[in-house]
Amino acid sequence: MASFELGCENEDEKINIPSIKGDGFSFRKLWAFTGPGFLLSVAYMDPGNIENDLQSGVKAKYKILWILLTSTLMALMMQRLSLRLGVVTGRHLAEMCHLQYPTLPRLFLWLMIEVAIIGADMQEVIGTAIALYLLSNKLIPLWLGVVLTVIDTFMFLMIDRYGLRKLEMFFAGLVTIMVVTFGYQFWIAKPDGVEIVKGLFYPWCENCDSSVALQAIGIIGATITPHNLYLHSGMVKSRAVDRTKLSKIKEANLYFFLECIICLSISLTVNIIVVSVFAHGLHHRTNADVMNICLDSKVPFDNIFPNNTDVVELDIYKSGVYLGCQYGLVSLYIWGVGVLAAGEGATMMGCYAGQLTMEGFLQLKWVRWKRVMFTRSIAILPTFFVAFFSTLPELSGLNDLLNAMFSVQIPFATLPLIAFTSNPRLMGQFVNGMAMKTVMVLVSLVVIAVNIVFVASSVFSAALGNWWLLSSVGLYAVLYVTMCGYLILHMFSNMSASQNKFTKVIVKDNWTNDAMDHWVHN
C-alpha cells in the first residue's frame, strides 16, 4: 500500500467528504474532517508544556492560568488562519514562503523554524526518555531512552502506510491516554476549583518575581509553537475539498475550525490539570517538605529532594516521584505513562513538521525515506548529545530556556501567516477582515516587544563578561529586529494589495498552480 504523506498532492490518498442534502450542521461531515486536530493538539501537551505547567503551578500557584487561557485563545486564532490558508490556496505555509520571499529572507525563516523544531525535539525526545527512565526504575538511562525513542518513533511512523485514518486514530488514542492519566492525578489531588476559575479569569499576578515572568513567557512559547502553524496548513490538505465550489471551501473552513476548537479545548484542559495538581500540592513547599513526604512512603527517591528550606524545583522526573510519594506508587506509574504518550506523539509530530517545512522551503524532491532520515538527523543528533552529557537538573533548566526560545521564534510564523491570509489577491472572499488583521498584528507586535525586553533583561545580563557570547547575542538581536521589520513591511504590503479580475473570485479559476505562480512572480 502506498505510504500516505501529510500535505499530499495525490487526490486518491485524500479522505473524501460525504455528500449530505441540506445546508445544516452534520456530525458525519464533522467526523470526516476530524483528525488533523488530534495530531495538532498533541503538540500542545508535549513534555515541554507539561514541565512548564508544573513549574508554573509550583512558582505561581493558579495566578498565571489566565496567561495559559489567553495564549491558547491566541493560538486558536492563529491555527484558524493556518487551516484557512491550506484550505483556500491548496498550499501550506512553507510552500507559500518559498513562492513569496527572496532567497535570503526565505533561508533565514527556514533556519529559524528548524531551530524551533530542534528545540521542540529536544523537549519531546528527552521527555520521553525521562518517562522511560521513571517507568523502568532508572534501568534505562537517558541516552538509551533517546535512542529507543528515535527507534520506536520510526516504527510508529510506519502506521501511515496503512492509511491516514489509522494514523489519526492512533493520535486520538494518545490524546485519550493523556486525558485519562493526567485526569487521574487531578481526581486524586482534588485542587480548589474556585481558585482555578479565579486564576483563569483574573488577569493579574500579585507578588510575582522574575522567575514567574520567565514562566509566563515560557507559557506563550510553549503554547503558540511556530512549527505547529506550518504543520496545520499542510495537514488540512489531507481532505478532498472541491475548491471549484465556494460552498465546499466555506464548509471545510467551518468544520476544520470546529475540530480545532474541540481539540485545543482538550489540550487546554490537560494543561490546566497539570498546573492545578502541582499548584495545590507544592506551591511554596520546600525540598525538606517533599523529602519528609517521601520518607513516609515506599517510593525510592534517592535523596533527589535535599533536606533544606529552598522552594522545591521540579522537573518531569521529580514530579513523578513526588506523586508516587504523595498518592502511592500507582500514581507514579500513571504519570509516567501519560508523559510517555505525550512524548511519543509530540516526537512524531516533530518528524512531520520537519519534513513538511524542509520540503516546502527547500523544495526537496528526494524519496521519502531520505527526507525523513535527513530531517530527523538534524534534530536528533543534538538531542542525543545533550541527553548524554547532561544531568536531570540541567535538562530542567534547558526546558525553561527552550520555551522562551519558542516565544522568540513566533513572529517568523505569525507574520508570514498574517501576510498571506490578509492578501485579497491570494485569499479572495476568504481574506482576513479588518478586525482579524488588527488583532493578529497587535498580538505579533506584543510578542516581538516582549521578546526584545526578555533578551535585553535576561540574555544580555547573562552574557555580560563573555565578549564572544555577548557579540553573538548582539548580532542575533540585530538580525532578529531587521528580519521582523522586513516581515512587517511585507505584511502591510500584502494587506494593501488590491484584487483584480484574475483573482477576485478564486474559485472561478480553481486557483491552479499556474495561477498561483502568476500572482507570486508578478
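Residues numbered from 1 in each chain as written. Predicted model: local features only at pLDDT ≥ 70, side-chain atom pairs only at ≥ 80, totals over all residues. Heavy atoms only, no water.

A word on the overall build of the chain
Argument step 1. For the chain, the helix and strand inventory stands at 22 helices and two strands.
Argument step 2. The buried share among the 522 residues of the chain stands at 59%.
Argument step 3. Nonlocal contacts in the chain, meaning residues at least 24 apart in sequence, comprise 84% of its contacts between residues at least 6 apart.
Argument step 4. Total accessible area computed for the chain in this model is approximately 21300 Å², and 66% of it derives from carbon and sulfur atoms. (Helix = DSSP H or I, 4+ residues; strand = E, 2+ residues; numbered from the N terminus. Buried < 20%, exposed > 50% of the residue type's maximum accessible area, 1.4 Å probe, protein only. Contact = heavy atoms within 4.5 Å. Areas by Shrake-Rupley, 256 points an atom, 1.4 Å probe, with all protein chains shown as cover.)

Observations regarding the state of the cysteines
Argument step 1. Within this structure, the stated rule accounts for one disulfide.
Argument step 2. In this model Cys263 remains outside any disulfide bridge; the closest cysteine sulfur is found in Cys260, 7.3 Å from its own. (Disulfide = S-S within 2.5 Å.)

What about the packing of helix α11 (residues 226-235) against helix α18 (residues 411-421)?
Argument step 1. Interhelical geometry of α11 versus α18 gives an angle of 40 degrees and a closest axis separation of 7 Å. With respect to their mutual orientation, α11 and α18 come out oblique. Of the residues in α18, those touching α11 at Pro226, Leu229 and Tyr230 are Phe412, Ala413, Thr414, Pro416 and Leu417.
Argument step 2. Here the residues of the contact of α11 with α18 are counted per class, giving seven nonpolar, one polar and no charged. (Axes fitted to C-alpha atoms, helices over the stretch in contact; angles between N-to-C directions. Parallel < 35°, antiparallel > 145°, perpendicular 65-115°, else oblique. Nonpolar A, V, L, I, M, F, W, Y, C, P; charged D, E, K, R; others polar.)

Let's talk about the packing of aromatic side chains
Argument step 1. All chains considered together, the criterion is met by 17 aromatic pairs.
Argument step 2. Considering the side-chain rings of Phe33 and Tyr255, the 5.6 Å spacing of their centres and the 0 degrees angle between planes classify their relative orientation as stacked. With Phe33 in helix α1 (residues 27-33) and Tyr255 in helix α12 (residues 246-282), this pair connects stretches of sequence that are 222 residues apart.
Argument step 3. Residue classification places Tyr255 among the buried positions, given a relative accessible area of 3%.
Argument step 4. Between the aromatic rings of Tyr101 and Tyr486, the centroid separation amounts to 6.3 Å while the plane-to-plane angle is 55 degrees, which identifies the pairing as tilted. Of the two residues, Tyr101 sits in the loop between α5 (93-100) and α6 (103-135) while Tyr486 sits in helix α21 (residues 467-495), which places them 385 residues apart along the sequence.
Argument step 5. According to the relative accessible area criterion, Tyr486 is partly exposed, its value standing at 30%.
Argument step 6. Taken together, the aromatic side chains of Phe25, Phe27, Phe33, Tyr255 and Phe256 make up a single cluster linked through ring pairs. (Phe/Tyr/Trp six-rings, centres within 6.5 Å; stacked < 30°, edge-to-face > 60°.)

A closer look at the pattern of salt bridges
Argument step 1. Summed over the entire model, instances satisfying the criterion amount to six salt bridges.
Argument step 2. Here Glu95 makes a salt bridge to Lys237, at a shortest N to O gap of 3.3 Å. Taken as a pair, Glu95 in helix α5 and Lys237 in the loop between α11 and β2 (239-240) lie far apart in primary sequence, 142 residues in all.
Argument step 3. Residue classification places Glu95 among the buried positions, given a relative accessible area of 16%.
Argument step 4. Taking the relative accessible area as the measure of exposure, Lys237 reaches 4% and is therefore buried.
Argument step 5. For Glu168, the salt bridge is made with Arg239, and the minimal N-O distance between the two is 2.7 Å. Taken together, the positions of Glu168 in helix α8 (residues 164-189) and Arg239 in strand β2 put the pair 71 residues apart, joining distant regions of the chain. (Salt bridge = Lys/Arg side-chain N within 4 Å of Asp/Glu carboxyl O.)

A few points about the side chain of Thr286
Argument step 1. Turning to its location among the elements, Thr286 is positioned in the loop between α12 and α13 (287-295).
Argument step 2. On the accessibility criterion, Thr286 (16% relative accessible area) is buried.
Argument step 3. Apart from residues no more than four positions distant in its own chain, Thr286 is found in contact with Asn308, Thr309, Asp310, Val311 and Val312.

What to know about unusual backbone geometry
Argument step 1. For Asn137, which is not a glycine, the phi torsion comes out positive at approximately 55 degrees.
Argument step 2. Along the chain, Asn137 falls in the loop between α6 and α7 (142-157).
Argument step 3. Unusually for a residue other than glycine, His284 sits at a positive phi of about 65 degrees.
Argument step 4. Mapping His284 onto the fold places it in the loop between α12 and α13.

Comments concerning α8
Argument step 1. With 26 residues, α8 extends 38 Å between its outermost C-alpha atoms, agreeing within 8% with the 38 Å of an ideal straight helix rising 1.5 Å per residue.
Argument step 2. Of the residues making up α8, those classed as buried are Leu164, Leu167, Glu168, Phe171, Ala172, Leu174, Val175, Met178, Thr181, Phe182, Gln185 and Ala189.
Argument step 3. Of the residues trailing α8, Lys190 is marked for its positive phi of about 55 degrees. (Expected span 1.5 Å × (residues − 1).)

Quick word on the environment of Ala216
Argument step 1. Here Ala216 shows up in helix α10 (residues 210-223).
Argument step 2. Taking relative accessible area as the criterion, Ala216 reaches 12% and is therefore assigned buried.
Argument step 3. Placed 150 residues apart in sequence, Ala216 and Trp66 show a C-alpha to C-alpha distance of 9.9 Å.
Argument step 4. Excluding anything up to four places from it in sequence, Ala216 contacts Ile64 and Ile67.

A short note on α18
Argument step 1. When you tally the buried positions in α18, you get eleven out of eleven residues, the bulk of the element.
Argument step 2. Among all positions in α18, only Pro411, Phe412, Ala413, Thr414, Leu415, Pro416, Leu417, Ile418, Ala419, Phe420 and Thr421 are buried.

Observations concerning the environment of Lys166
Argument step 1. Among the structural elements, Lys166 can be located in helix α8.
Argument step 2. Classification of Lys166 as exposed rests on a relative accessible area of 52%.
Argument step 3. Sequence separation of Lys166 and Gly35 is 131 residues, and the distance between their C-alpha atoms is 9.8 Å.

A closer look at a nonpolar patch on the surface
Argument step 1. Taken together, the side chains of Trp143, Leu381, Phe385, Phe388 and Phe389 present a nonpolar region at the surface, about 570 Å² in accessible area.
Argument step 2. Among the elements that make up the nonpolar patch, the one with the highest residue count is helix α16 (residues 368-389) (four residues).
Argument step 3. Tracing the backbone through its elements, the reader meets Trp143 in helix α7.
Argument step 4. Given the relative accessible area of 37%, Trp143 is considered partly exposed. (Patch = residues over 30% accessible without salt bridge, like charges linked within 9 Å, V, L, I, M, F, W, Y side chains within 5 Å.)

Notes on the confidence of the model for the chain
Argument step 1. For the chain, the average pLDDT comes to 81, and 82% of its residues sit at 70 or higher.
Argument step 2. Mean pLDDT across the elements of the chain bottoms out in helix α22 (residues 513-521) (46) and peaks in α12 (93).
Argument step 3. Confidence over residues 500-522 falls short of pLDDT 50; this stretch has 50 contacts with residues more than four positions distant or in other chains. (pLDDT = per-residue confidence, 0-100.)

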